[in-house]
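Here is what each chain is made of, one letter per residue.
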Amino acid sequence: MRSYIKSLISFISMLFLFPVWIYSQNSITDTNFEKRICYTSRMTMINAHDFINNNVKEKNAITTNNGLEVLVIPVVVHVIYDSNDHKISESSVISQITVFNEDFGNYGPLDNDPRAVDTRIRFCLAKKDPAGNTTNGIDWIQSTFSDLDVHNEMLTKNLSRWNQQRYFNIWIVHSISDNSTPGTIQGYSYLPSQTGGGIFSGDGLALVYKFTGRYNPLSPLSYNLGRTGVHETGHYLDLLH
């Protein structure tokens with residue numbers, strides 16, 4: 001695992017081009033969408049009392065690809081929607097996983113910065129659920145809690161959550177809101193060094209449906225490359241702004 005952490009450190013120079021790129025997009029205000037933000041730092045403050053100190057969890061499904069050892073993280077995506085208008089497709093979810101792998105593997109069409117490296121981290125939708133049953137790694141749930149309240153996030157996350165020691169949980173929701181920032185939050189995750197990782201019940205990534213996947217037809221044009229999810233996954237892997 002230590003070699004992967006070293007690779008992650010090297011990766012900072014590439015990944016944190018993404019916040020600059022994302023926030024430059026955030027400065028764009030069109031007629032339909034206000035500026036949107038990452039809420040990781042604020043969520044850490046809100047839930048600090050729930051965190052337990054522990055080692056960063058490891059995802060230890062290791063494979064070899066053409067002689068290159070990589071760490072494969074199994075992902076489960078919980079699509080929480082209130083109406084079919086806000087229900088993203090399987091193809092949008094798959095495209096988000098594709099963007100994760102392109103960016104963390106440094107082989108995507110936009111990954112052309114000379115400082116970038118392959119982190120040797122990859123993501124795949126889970127093939128088996130916690131009970132050992134075959135799955136496509138996507139769980140669609142229709143609920144009135146599709147609007148995630150940051151002060152009561154577990155009302156949404158408890159609708160569907162798999163063992164966080166074994167899976168990277170991603171919740172796709174209609175909206176994420178705080179009283180002070182209604183309708184402006186793109187997504188957030190938690191830093192495992194502060195939360196204990198998988199032992200914290202809120203561990204994982206929350207992402208608004210409009211910002212999920214590449215060329216998602218529900219996305220505003222300024223945010224349709226899947227990079228918001230990449231940014232928040234950087235936090236999930238303990239990278240700071």
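Going by the structure above, here's the rest.
Report follows, based on the coordinates. (Residues numbered from 1 in each chain as written. Predicted model: local features only at pLDDT ≥ 70, side-chain atom pairs only at ≥ 80, totals over all residues. Heavy atoms only, no water.)

**Section: the overall build of the protein chain**
Here comes step 1: On a plain count of helices and strands, the protein chain comes out with 7 helices and 10 strands.
Here comes step 2: The buried share of the protein chain, taken over its 241 residues, is 54%.
Here comes step 3: Sequence separation of 24 or more characterises 75% of the internal contacts of the protein chain that already satisfy a separation of 6 or more.
Here comes step 4: Surface exposure of the protein chain reaches about 11,000 Å², of which carbon and sulfur atoms provide 52%. (Helix = DSSP H or I, 4+ residues; strand = E, 2+ residues; numbered from the N terminus. Buried < 20%, exposed > 50% of the residue type's maximum accessible area, 1.4 Å probe, protein only. Contact = heavy atoms within 4.5 Å. Areas by Shrake-Rupley, 256 points an atom, 1.4 Å probe, with all protein chains shown as cover.)

**Remarks on helix α7 (residues 227–236)**
Here comes step 1: Counting buried positions over the 10 residues of α7 gives 10, a clear majority of the element.
Here comes step 2: For α7, every residue scored as buried is listed here: Arg227, Thr228, Gly229, Val230, His231, Glu232, Thr233, Gly234, His235 and Tyr236.
Here comes step 3: Positive backbone phi, approximately 80 degrees, marks aspartate 238, located one or two places after α7.

**Looking at a nonpolar patch on the surface**
Here comes step 1: Among the surface-exposed residues, Phe145, Leu155 and Leu159 lie close enough to one another that they form a single nonpolar patch of about 240 Å² accessible area.
Here comes step 2: Along the chain, leucine 159 turns up in the loop between α5 (154–157) and β7 (168–173). (Patch = residues over 30% accessible without salt bridge, like charges linked within 9 Å, V, L, I, M, F, W, Y side chains within 5 Å. Salt bridge = Lys/Arg side-chain N within 4 Å of Asp/Glu carboxyl O.)

**Digging into the packing of aromatic side chains**
Here comes step 1: Scanning all chains against the criterion turns up 7 aromatic pairs.
Here comes step 2: Ring geometry for phenylalanine 104 and phenylalanine 123: centres 5.2 Å apart, planes at 65 degrees, overall edge-to-face. Residue phenylalanine 104 is found in helix α4 (residues 90–105), and its partner phenylalanine 123 is found in strand β4 (residues 121–125); the two are separated by 19 residues along the sequence.
Here comes step 3: Take phenylalanine 123: its relative accessible area is 3%, and that puts it in the buried class.
Here comes step 4: With a centroid separation of 5.8 Å and 85 degrees between ring planes, the pair formed by tyrosine 188 and tyrosine 190 is classed as edge-to-face.
Here comes step 5: On the basis of relative accessibility, which here comes to 0%, the residue tyrosine 188 falls in the buried class.
Here comes step 6: Here a set of aromatic residues connected by ring pairs shows up, and it is made of Phe100, Phe104, Phe123, Phe168 and Tyr236. (Phe/Tyr/Trp six-rings, centres within 6.5 Å; stacked < 30°, edge-to-face > 60°.)

**A look at the environment of arginine 166**
Here comes step 1: Inspection of the secondary structure assignment puts arginine 166 in the loop between α5 and β7.
Here comes step 2: Residue class for arginine 166 comes out partly exposed when judged on its relative accessible area of 41%.
Here comes step 3: Sequence separation between arginine 166 and glycine 198 is 32 residues; the distance between their C-alpha atoms is 8.3 Å.
Here comes step 4: At 3.5 Å, the side chain of arginine 166 forms a polar contact with the side chain of tyrosine 167. (Polar contact = N/O pair within 3.5 Å; in protein donor to acceptor, adjacent residues only side chain to side chain.)

**A word on α4**
Here comes step 1: Counted at 1.5 Å a residue, the expected span for α4 with its 16 residues is 22 Å, and the 22 Å between its end C-alpha atoms agrees.
Here comes step 2: Judged by how many residues are buried, α4 sits mostly within the fold: 12 of 16 residues are covered.
Here comes step 3: By the burial criterion, the buried members of α4 are Ser92, Val93, Ser95, Gln96, Ile97, Val99, Phe100, Asn101, Glu102, Asp103, Phe104 and Gly105.
Here comes step 4: Looking one or two residues beyond α4, the residue adopting positive phi is asparagine 106, at roughly 60 degrees. (Expected span 1.5 Å × (residues − 1).)

Coordinates in, geometry out; function isn't part of it.
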